[in-house]
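# Close look at the chain arrangement
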Amino acid sequence: MLNVVQARELIPFMDIAYQGFGENMDSDAYAIRKAVDMGLPLFVSNSFSKNLSLYGERVGGLSVVCPTVDETERVFGQLNATVRRIYSSPPSHGGRVVDIVMNDEALHKQWVGEVYAMRDRIKAMRLQLRSVLEAKIPNRNFDYITRQNGMFSFTGLTPEQVERLQSEFGIYMVSNSRMCVAGLNTSNIDYVANAMADVLKD
Ligand SMILES: Cc1ncc(COP(=O)(O)O)c(C=O)c1O
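Residues numbered from 1 in each chain as written. Predicted model: local features only at pLDDT ≥ 70, side-chain atom pairs only at ≥ 80, totals over all residues. Heavy atoms only, no water.

### Some thoughts on the packing of helix H7 (residues 159-169) against helix H8 (residues 189-201)
For the pair H7 and H8, interaxial distance at closest approach is 10 Å and the crossing angle is 125°. When the axes of H7 and H8 are compared, the pair comes out oblique. Between H7 and H8 lies a crossing whose hand is right-handed. Here H7 contributes Gln161, Arg164, Leu165 and Phe169 to the contact with H8, which in turn contributes Tyr191, Ala195, Met196, Asp198, Val199 and Leu200. (Axes fitted to C-alpha atoms, helices over the stretch in contact; angles between N-to-C directions. Helix = DSSP H or I, 4+ residues; strand = E, 2+ residues; numbered from the N terminus. Parallel < 35°, antiparallel > 145°, perpendicular 65-115°, else oblique. Left-handed = near helix turned anticlockwise from the far one by under 90°. Contact = heavy atoms within 4.5 Å.)

Below, the structure is given as structure tokens:
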């Protein structure tokens, strides 16, 4: 994929909003490191909304990797002018929280451990959801539930099935069937899995 980007002289924009929820902090950034190693110019946006639970603080970053110092300076000038025109000065509270956590060894270690606990909890919910669905509808393949990673999943439900989940069972997801797997827990997983099986069977 990156070879195609390179051959066509494209500039990729890579977005990493769930670092740590896939495999681990390091390997989740594999594609970005690979692009940088290949010498590609690129934009990278990252977010701390999910992995530091700072949704309400709007904390993230835009990094631009440029091939030369000259280009870096020109891009920086453009970004400065753009920032000045749009928001001028960002809210600082969330950014300071991130700064403290990232630059303190003990806090950083604790944060990584907590992200991995969330990752493992979500993976456990995926397994349980898959096993209930497979038990109830044995002729259908649900391995995509455990093959997908992170907080969200496409469930493959039709908009009508999503609507039934909402009206008959009080379970909500967006109409394209993307569900928030992080919303599942040991108290609601069986209810949700059985409701999904019900609407999928009919
Ligand atoms: C892939 C992806 N990128 C970016 C965002 C938004 O991040 P932020 O909350 O930092 O705007 C989201 C979800 O909210 C997302 O799913």
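### A look at the domain arrangement of the chain
Assigned domains of the chain: these are domain 1 (2-103) and domain 2 (107-201). The gap between the C-alpha centroids of domain 1 and domain 2 is 29 Å. Between domain 1 and domain 2, the residue contacts involve 14 residues of the former and 15 residues of the latter. For the domain 1 and domain 2 pair, buried surface summed over both sides reaches about 1,300 Å², with 72% attributable to carbon and sulfur atoms. When the buried surface of domain 1 facing domain 2 is broken down by residue, Phe21, Met25 and Val101 rank first, second and third, together holding 43% of it. (Domains from an automatic or database assignment. Buried area = accessible area lost by both parts, 1.4 Å probe.)

### Regarding the site of the ligand
Around the ligand, a shell composed of Asp15, Ala17, Tyr18, Ser47, Ser49, Lys50, Tyr55, Arg58 and Arg178 is seen. At 2.6 Å from an oxygen atom of the ligand is found a side-chain nitrogen or oxygen belonging to Tyr18. Burial of the ligand by the protein chains amounts to 63% of its free accessible area of 400 Å². Looking at the shell around the ligand, its residues break down into three nonpolar, two polar and four charged. (Near = heavy atom within 4 Å. Polar contact = N/O pair within 3.5 Å; in protein donor to acceptor, adjacent residues only side chain to side chain. Areas by Shrake-Rupley, 256 points an atom, 1.4 Å probe, with all protein chains shown as cover. Nonpolar A, V, L, I, M, F, W, Y, C, P; charged D, E, K, R; others polar.)

### Thoughts on the packing of helix H4 (residues 93-102) against helix H5 (residues 105-136)
Taken N-terminus to C-terminus, the directions of H4 and H5 make an angle of 100°; their axes are 6 Å apart at the nearest point. Between H4 and H5, the angle is such that the two are roughly perpendicular. The residues of H5 that touch H4, namely those facing Ile100, Val101 and Met102, are Leu107, His108 and Trp111. Partitioned by chemical class, the residues of the contact of H4 with H5 number five nonpolar, one polar and no charged.

### Some points on the pairing of strand E1 (residues 13-16)
Alternating positions in E1 separate cleanly, Met14 and Ile16 being buried on one face and Phe13 and Asp15 remaining unburied on the opposite face. Bridging between E1 and strand E2 (residues 42-47) involves four bridges; their strand directions are parallel. Pairing of Met14 across the sheet is with Val44, part of E2. As a crossover connection, the stretch from E1 through helix H2 (residues 30-37) into E2 is right-handed. (Buried < 20%, exposed > 50% of the residue type's maximum accessible area, 1.4 Å probe, protein only. Pairing = 2+ DSSP bridges. Right-handed = clockwise from strand over helix to strand, strands pointing away.)

### Quick notes on H8
Given a rise of 1.5 Å per residue, 13 residues ought to cover 18 Å, and the 18 Å separating the end C-alpha atoms of H8 matches this to within 8%. For H8, the full list of buried residues reads Ile189, Val192, Ala193, Ala195, Met196, Ala197, Val199 and Leu200. For H8, the secondary structure elements touched by its buried residues are H5, H7 and strand E5 (178-180). (Expected span 1.5 Å × (residues − 1).)

### Structural notes on the environment of Asn188
By the element assignment, Asn188 lies in the loop between E5 and H8. Along the primary structure Asn188 and Ser131 are separated by 57 residues, whereas in three dimensions their C-alpha atoms are 15 Å apart. A polar side-chain atom of Asn188 sits 2.8 Å from the main-chain amide nitrogen of Asn185.

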